[in-house]
Amino acid sequence: LEKVVKAAAALKGQQQKAPYVQGNVDLTSKAAVVEADRKRFDFVNKVVAQVETRKVLTDLVMEIYEFFDYPPFFHIGCDEADNIGTCRDCRRKELKELVRDHICYFHDLFAKQGTRVIMWHDMLLDRGDPRWKGYVSCGSKITATLADTLPKDVIVCDWQYSYGNMKEVRKEWPTIRYFKEKGFPVAGCPWLNFNAMKPMADFVAEIGAFGYIQTTW
């Protein structure tokens, strides 16, 4: 891990000059990004299905947590999990409880250390819900119910990148408002669309959301 961090630090100042293309994936196309992600996640899921996943993840996150000097916040990811519940052992469990147990395990693990967990928002929104048309939502009717049952001190990071329209300027993000009304501390997380960054920060401040995280990938 130390070698990885040092290698990353050595890249300081070498910013990505073409932010809309990564490898052979057109980042302005949501469909292209989703397809590339699914191929990657298919490979990862085949690997984790063959190991003691929770033990491996616990050892990994605690090593990272210690390396970064026990921060007050820890991001546990949980985004774009298209193939959750597909391995042999997971299929024996109810999907909603399987995902909730995973998130709450790490919530409780870090709570004992006095640290709050952060997670991405997208699996907590049903992609078929017309309210979220035009916004990032990767979940199902089942995973969307988790917004009612997860601990309300989990910080939800709502990533909205405005795929396909880099000139778009919005004044409001209903998904951010939704999570705030559900009782979560929520942070707006833009990328790609430079025109949307300041308006999202203004919207976050206007509704009194938790904060703003400027992402870059």
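Remember, predicted model here, so these are calculated numbers, not experimental data. (Residues numbered from 1 in each chain as written. Predicted model: local features only at pLDDT ≥ 70, side-chain atom pairs only at ≥ 80, totals over all residues. Heavy atoms only, no water.)

S.K.: Is there a simple way to explain the sheet that holds strand β7 (residues 211–212) in this structure?
M.R.: Pairing between sheet strands relies on hydrogen bonds along the backbone, with the strands arranged either parallel or antiparallel. Within the open sheet, the five strands sit side by side as β3-β4-β5-β6-β7. Their pairing is parallel. Edge positions in the open sheet fall to β3 (73–75) and β7, since each of these has one partner strand only. (Pairing = 2+ DSSP bridges. Helix = DSSP H or I, 4+ residues; strand = E, 2+ residues; numbered from the N terminus.)

S.K.: How should the confidence of the model for the protein be read in this particular structure?
M.R.: Fine structural detail should not be taken from predicted coordinates in areas where pLDDT scores are low. Counting all residues, the mean pLDDT for the protein is 84, and 82% of those residues have values of 70 or more. pLDDT under 50 marks residues 15–20. Its contacts with residues more than four places away, or in other chains, come to 12 contacts. (pLDDT = per-residue confidence, 0-100. Contact = heavy atoms within 4.5 Å.)

S.K.: It is not clear to me how helix α3 (residues 53–67) should be interpreted in this structure. Could you clarify?
M.R.: One turn of the α-helix equals 3.6 residues, which is why residues spaced by three or four share an orientation. For α3, built from 15 residues, the straight-helix expectation of 21 Å at 1.5 Å per residue is met to within 8% by its first-to-last C-alpha distance of 21 Å. Of the residues making up α3, those classed as buried are T58, V61 and Y65. The buried side chains of α3 occupy one side of the element, clustering within an arc of 80° when seen end-on. In this structure, the buried side of α3 is in contact with β3 and α4 (95–111). Positive phi appears at D69, one or two residues downstream of α3, with a value of about 65°. (Expected span 1.5 Å × (residues − 1). Buried < 20%, exposed > 50% of the residue type's maximum accessible area, 1.4 Å probe, protein only. Arc of directions from axis to C-beta.)

S.K.: Is there a simple way to explain the side chain of D158 in this structure?
M.R.: Summarising the element assignment, D158 is placed in strand β5 (residues 155–159). Judged by its relative accessible area of 0%, D158 is buried. Within polar-contact distance, the side chain of D158 engages the side chain of Q160 at 2.7 Å. Among the polar contacts made by the side chain of D158, one reaches the main-chain amide nitrogen of I176 at a distance of 3.1 Å. (Polar contact = N/O pair within 3.5 Å; in protein donor to acceptor, adjacent residues only side chain to side chain.)

S.K.: Sorry if this is basic, but what is going on with the nonpolar core here?
M.R.: Soluble globular proteins tend to bury their nonpolar side chains together. Formed by 33 residues in total, the largest nonpolar core has its most connected members in L150, I176 and F179. Secondary structure elements with two or more residues in this core: α3, α4, β4 (116–120), α6 (174–181) and α7 (194–207). The element best represented in this core is α4, accounting for six residues. When near neighbours in sequence (up to four residues on either side) are disregarded, I176 contacts D158, V186, G188, M200, F203, V204, I207 and A209. By size, the runner-up hydrophobic cluster in this structure holds 13 residues, among which are Y161, A187, C189 and W191. (Core = buried A, V, L, I, M, F, W, Y, C linked by side-chain atoms within 4.5 Å.)

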